[in-house]
Amino acid sequence: MSAHDEISQPVVSRDEWLAARKELLAREKELTRLRDDLNAKRRALPWVKVEKEYVFDTLEGRKTLAELFEGRSQLIVHHFMFGPGWDAGCVGCSFSADHIEGALVHLEHHDVSLARVSRAPLAEIEAYRQRMGWRVKWVSSHDSDFNYDFHVSFRPEEIAKGAVEYNYTTTDVSIEDLSGLSVFYRDANGDVFHTYSTYGRGDELIDSTYMLLDMTPKGRNETGPHHNLMDWVKRHDEYEPAR
């Protein structure tokens, strides 16, 4: 289905529409309650203390994971697919990054810091960050095990075996980097704990474009060969002028 293909649905009276809408509303409320319950269970997960000292290249010099908290007690890391030598960052990660930018000021005023981490060298990251106009701190794990330990990057020998760990399962991948989100907590003693990570479609809720499209008659309208955002999303400076 192209952007201009017509679609059709039954056309009914306002009263019939209202009855159908109230039936759907009951399901929506059920989902809301389930989401609230799921969020509570997520917060109740046990933690793992981060014993290894990870160090990243940043615009302010070398910084540890603890320093990325910038004085706050909570840190969200966006594992952004951008490997050494790439011409540009992942399209899907760039899509997510656009949405995260608008949330930054609100997160920072609610005791949450946010950082992007990629394996690309800092100079390559900074060139792409400037191109995209993003403000979120973006650091390089180029000389660190961080990406590998959190299962978003894979060494060539792992890929060759066809058995890497991603999204809590063993799978076969063909690229060295994938995406995800990880969450950390830093206590008053300065100890850092890993509290949560999500991969694959687990980070989809941050893409508010999807949430809006899901309300529209055509929905996500992903009808190409991939049946996902790769069928239509572009980096925000690569779209043709909107009509």
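Residues numbered from 1 in each chain as written. Predicted model: local features only at pLDDT ≥ 70, side-chain atom pairs only at ≥ 80, totals over all residues. Heavy atoms only, no water.

Under an unreviewed UniProt entry, the name given to the protein chain is DUF899 domain-containing protein, and the organism recorded is Litchfieldella rifensis.

A. Local environment of the overall build of the protein chain. Check the secondary structure of the protein chain and you find 6 helices and 10 strands. C-alpha extents for the protein chain along the principal axes are approximately 65 × 40 × 40 Å. Burial statistics for the protein chain: of 243 residues in total, 37% are counted as buried. Contacts in the protein chain between residues far apart in sequence, at least 24 positions, make up 59% of those at least 6 positions apart. Carbon and sulfur atoms make up 53% of the accessible area of the protein chain, which amounts to about 14800 Å² in all. (Helix = DSSP H or I, 4+ residues; strand = E, 2+ residues; numbered from the N terminus. Buried < 20%, exposed > 50% of the residue type's maximum accessible area, 1.4 Å probe, protein only. Contact = heavy atoms within 4.5 Å. Areas by Shrake-Rupley, 256 points an atom, 1.4 Å probe, with all protein chains shown as cover.)

B. Up close: the nonpolar core. Phe 80, Phe 82, Tyr 128, Trp 134, Trp 138 and Phe 154 are the most contacted members of the largest nonpolar core, which totals 21 residues. Those elements giving two or more residues to this core turn out to be helix 2 (91-108), helix 3 (122-132) and strand 7 (164-166). Ranked by the residues each element gives to this core, the list is headed by helix 3, at 3 residues. Every residue in contact with Trp 138, bar those within four places of it in the chain, is listed here: Phe 80, Phe 82, Arg 116, Val 117, Ser 118, Leu 122, Ile 125, Tyr 128 and Arg 129. Formed by 16 residues, the second largest nonpolar core is a distinct cluster that contains Val 50, Phe 56, Ala 115 and Phe 146. (Core = buried A, V, L, I, M, F, W, Y, C linked by side-chain atoms within 4.5 Å.)

C. How the structure looks around the state of the cysteines. One pass over the full model with this rule turns up 0 disulfides. Unpaired in terms of disulfides, Cys 90 finds its nearest cysteine sulfur in Cys 93, a separation of 3.7 Å. A residue is classified by how much of its surface remains accessible, and Cys 90, at 14% relative accessible area, is buried. Judged by relative accessible area, Cys 93 falls into the buried class, the value being 3%. (Disulfide = S-S within 2.5 Å.)

D. Local environment of the environment of Gly 89. Relative to the elements of secondary structure, Gly 89 occurs in the loop between strand 4 (74-79) and helix 2. The spatial distance from the C-alpha of Gly 89 to the C-alpha of Arg 235 is 9.1 Å, given a sequence separation of 146 residues. Those residues in contact with Gly 89 that lie beyond four places of it in its chain are Phe 80, Met 81, Phe 82, Ser 94, Tyr 128 and Arg 235.

E. Region of interest: helix 2. In this model helix 2 runs 26 Å from its N-terminal to its C-terminal C-alpha over 18 residues, within 8% of the 26 Å that 1.5 Å per residue would give. Within helix 2, the axis deviates most sharply at Gly 102, by approximately 45°. Among all positions of helix 2, only Val 91, Gly 92, Cys 93, Ser 94, Phe 95, Ser 96, Ala 97, His 99, Ile 100, Glu 101 and Leu 104 are buried. (Expected span 1.5 Å × (residues − 1). Bend = angle between axes of the 7 residues up to and from the residue.)

F. Structural detail: unusual backbone geometry. With phi around 50°, Glu 70 is a residue other than glycine that occupies positive phi space. For Glu 70, the location among the structural elements is in the loop between strand 3 (61-64) and strand 4. Residue Glu 70 is classed as partly exposed on the basis of its relative accessible area of 42%. The backbone of Asn 167 sits at a positive phi, close to 55°, despite the residue not being glycine. Residue position: Asn 167 is located in the loop between strand 7 and strand 8 (169-171).

G. The side chain of Ser 140, seen in detail. Residue position: Ser 140 is located in strand 6 (residues 137-140). Look at Ser 140 and you get buried, because its relative accessible area is 1%. Engagement of the side chain of Ser 140 in a polar contact is seen with the backbone nitrogen of His 142, the distance being 3.1 Å. What Ser 140 contacts, discounting residues up to four positions off in sequence, is Phe 56, Asp 57, Ser 118, Arg 119, Ala 120, Pro 121, Leu 122 and Ile 125. (Polar contact = N/O pair within 3.5 Å; in protein donor to acceptor, adjacent residues only side chain to side chain.)

H. Broad picture of the pattern of salt bridges. For the structure on display, the rule yields 22 salt bridges. The partner of Glu 238 in a salt bridge is Arg 131, with the nearest N and O atoms 3.0 Å apart. Taken together, the residues Glu 238 in the segment after helix 6 (208-213) and Arg 131 in helix 3 connect sequence positions 107 residues apart. For Arg 131, a relative accessible area of 36% corresponds to the partly exposed category. Overlapping salt bridges, with partners in common, bring together Lys 52, Asp 145, Asp 149 and Arg 155 in one network. (Salt bridge = Lys/Arg side-chain N within 4 Å of Asp/Glu carboxyl O.)

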